Amino acid sequence: MPTKTLQIPTTDGQADAFAAFPDGGGRHPGVLLYPDAFGIRPVLKEMARELAEHGYYVLVPNIFYRHGPAPVIELPEHIGEEARPTVFAQLMPLIQEHTAERALRDADAYLTFLTAQPEVSAGPVAAIGYCMGAVSAMRTATAHPGQVAAVAGFHPGPLVTDAPDSPHRRVPELTAEVHLGLAEGDMSPEALTELNQALDAAGVDHTTEIYPGTVHGFTMSDTEAFNPAALQHHWDRLLPLLDRTLTNR
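> Lay out the overall build of the protein chain with the relevant residues and their values.
Each helix and strand counted, the protein chain has six helices and eight strands in total. Its helices and strands taken in sequence order, the protein chain reads β-β-β-α-β-α-α-β-α-β-β-α-β-α from the N to the C terminus. By the compact-globule yardstick of 18 Å for 249 residues, the protein chain fits well, its C-alpha radius of gyration being 17 Å. Based on the C-alpha atoms only, the size of the protein chain along its principal axes is roughly 45 × 45 × 35 Å. Among the 249 residues that make up the protein chain, the fraction classed as buried is 55%. Looking at the protein chain alone, contacts between residues at least 24 apart form 75% of all its contacts between residues at least 6 apart.

> Just give me the short version of the pairing of strand 1 (residues 3–10), but keep the residues and values in it.
Bridge analysis of strand 1 against strand 2 (residues 13–20) gives eight bridges, and the strand direction is antiparallel. Bridged to Thr-5 within strand 2 is Phe-18. The turn joining strand 1 and strand 2, which pair antiparallel and follow one another in sequence, is formed by two residues.

> Give a detailed account of unusual backbone geometry, specifying residues and quantitative values.
Pro-71 follows Ala-70 through a cis peptide bond whose omega is -5°. Counting through the fold element by element, Pro-71 comes out in the loop between strand 4 (57–61) and helix 2 (84–97). At His-155, a position not held by glycine, the phi torsion is positive, near 35°. With respect to the helices, strands and loops of the structure, His-155 is situated in the loop between strand 6 (148–154) and strand 7 (177–182).

> Any details on the sheet that holds strand 8 (residues 206–210)? Residues and values, ideally.
The mixed open sheet is built from eight strands, whose spatial order is 1-2-4-3-5-6-7-8. One side of each edge strand has no neighbouring strand; the edge strands of this open sheet are strand 1 and strand 8. Neighbouring strand axes in the sheet, compared pairwise and without regard to direction, differ in orientation by 20° on average. In this fold helix 4 (residues 132–143) packs onto strand 3 (30–34), strand 5 (125–130), strand 6 and strand 7, with an angle of close to 155° to the strand it touches most, strand 5.

> With reference to specific residues and values, describe the pattern of salt bridges.
A complete count under the given rule lists 12 salt bridges for this structure. Among the ionic pairs, Lys-4 bridges to Glu-119, the shortest N-O distance being 3.0 Å. Note that Lys-4 is positioned in strand 1 and Glu-119 in the loop between helix 3 (100–116) and strand 5, a separation of 115 residues in sequence. Its relative accessible area of 14% is what places Glu-119 among the buried residues. We note a salt bridge from Asp-36 to Arg-41, for which the minimum N-O separation is 2.8 Å.

> Describe the packing of aromatic side chains, and please don't skip the residues or the numbers.
The final tally for this structure, using the stated rule, is six aromatic pairs. Both rings, one in Tyr-34 and one in Tyr-110, keep their centres 6.1 Å apart while their planes meet at 55°; by these two values the pair is tilted. Taken as a pair, Tyr-34 in strand 3 and Tyr-110 in helix 3 lie far apart in primary sequence, 76 residues in all. The pair Tyr-34 / Tyr-110 is uniform in exposure class, with both members buried.

> If you had to explain the packing of helix 1 (residues 42–53) against helix 6 (residues 228–247) to someone new, which residues and values would you point to?
Between helix 1 and helix 6, the least distance of the axes is 12 Å, while the angle of their chain directions is 45°. Classified by the interaxial angle, the pair formed by helix 1 and helix 6 is oblique. Crossing geometry of helix 1 relative to helix 6 is assigned as right-handed. Here Met-47, Glu-50 and Leu-51 of helix 1 lie close against helix 6, whose contacting residues are Leu-231, His-234, Trp-235, Leu-238, Leu-239 and Leu-242. Looking at the contact of helix 1 with helix 6 residue by residue, the classes come out as seven nonpolar, one polar and one charged.

> Which residues make up helix 6, and what values do they have?
For helix 6, spanning 20 residues, the distance from its first C-alpha to its last is 27 Å, which sits close to the expected 28 Å at 1.5 Å a residue. For helix 6, the complete set of buried residues consists of Ala-230, Leu-231, His-234, Trp-235, Leu-238, Leu-239, Leu-241, Leu-242, Thr-245 and Leu-246. Where helix 6 is buried, its residues meet strand 3, helix 1, strand 5, strand 6 and strand 7. The N-cap residue of helix 6 is Asn-227: its side-chain oxygen and the backbone nitrogen of Ala-229 are 3.1 Å apart.

The rules behind these values
Residues numbered from 1 in each chain as written. Predicted model: local features only at pLDDT ≥ 70, side-chain atom pairs only at ≥ 80, totals over all residues. Heavy atoms only, no water. Helix = DSSP H or I, 4+ residues; strand = E, 2+ residues; numbered from the N terminus. Rg over C-alpha atoms; globule rule 2.2 N^0.38 Å. Buried < 20%, exposed > 50% of the residue type's maximum accessible area, 1.4 Å probe, protein only. Contact = heavy atoms within 4.5 Å. Pairing = 2+ DSSP bridges. Axes fitted to C-alpha atoms, helices over the stretch in contact; angles between N-to-C directions. Salt bridge = Lys/Arg side-chain N within 4 Å of Asp/Glu carboxyl O. Phe/Tyr/Trp six-rings, centres within 6.5 Å; stacked < 30°, edge-to-face > 60°. Parallel < 35°, antiparallel > 145°, perpendicular 65-115°, else oblique. Left-handed = near helix turned anticlockwise from the far one by under 90°. Nonpolar A, V, L, I, M, F, W, Y, C, P; charged D, E, K, R; others polar. Expected span 1.5 Å × (residues − 1). Polar contact = N/O pair within 3.5 Å; in protein donor to acceptor, adjacent residues only side chain to side chain.

Laid out in structure tokens, this is it:
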């Protein structure tokens, strides 16, 4: 399984990134994978490799590149409850600085870079993400409707807020098919209803699903939130979505 560490030119500097893609040469549909707040680390690289084994070129950017290369902060091998206060004390300033404006600026650079890679085939790409990365995936798809054919977000950050630029307010611009896999506590029933109503009204092909018995972060095997059955369920939803939207065109 070929992998690379790459540098993505952006308007604010160079974003380091991890890429995985299939053996054997050729060109493959592109997938932009936004990590959770903990960033690029072994579990994210493993997920990218697994996705690449199904025939995709997967690009995982360091979204906090303005603060240095990944890992931007030192992470324990297992991010347990005792480590979380220290980790989040370091991460929160970075998260707060990663505004919607910055995320959209970066998305332009990431998509330009991804689609220019010699291993990436022409045609639409997918944007997927975890936690705050799911929010970035949604923003990317609404800002690039002609280019992003699939969006998948798992245990997403806030998609329905009072802010004028809340992701749910932008769904009329979506042309992608959307799957959102939620942990049981990720969204209030009212917020989920509002999101579904917005997607329905916009005519977006979508599924929003609460994965049973899960807590926020359930896909990440290096955290205490990890749920192996829910991780498999995530693959069972994600892979057919990508197959439908990227490889059957």
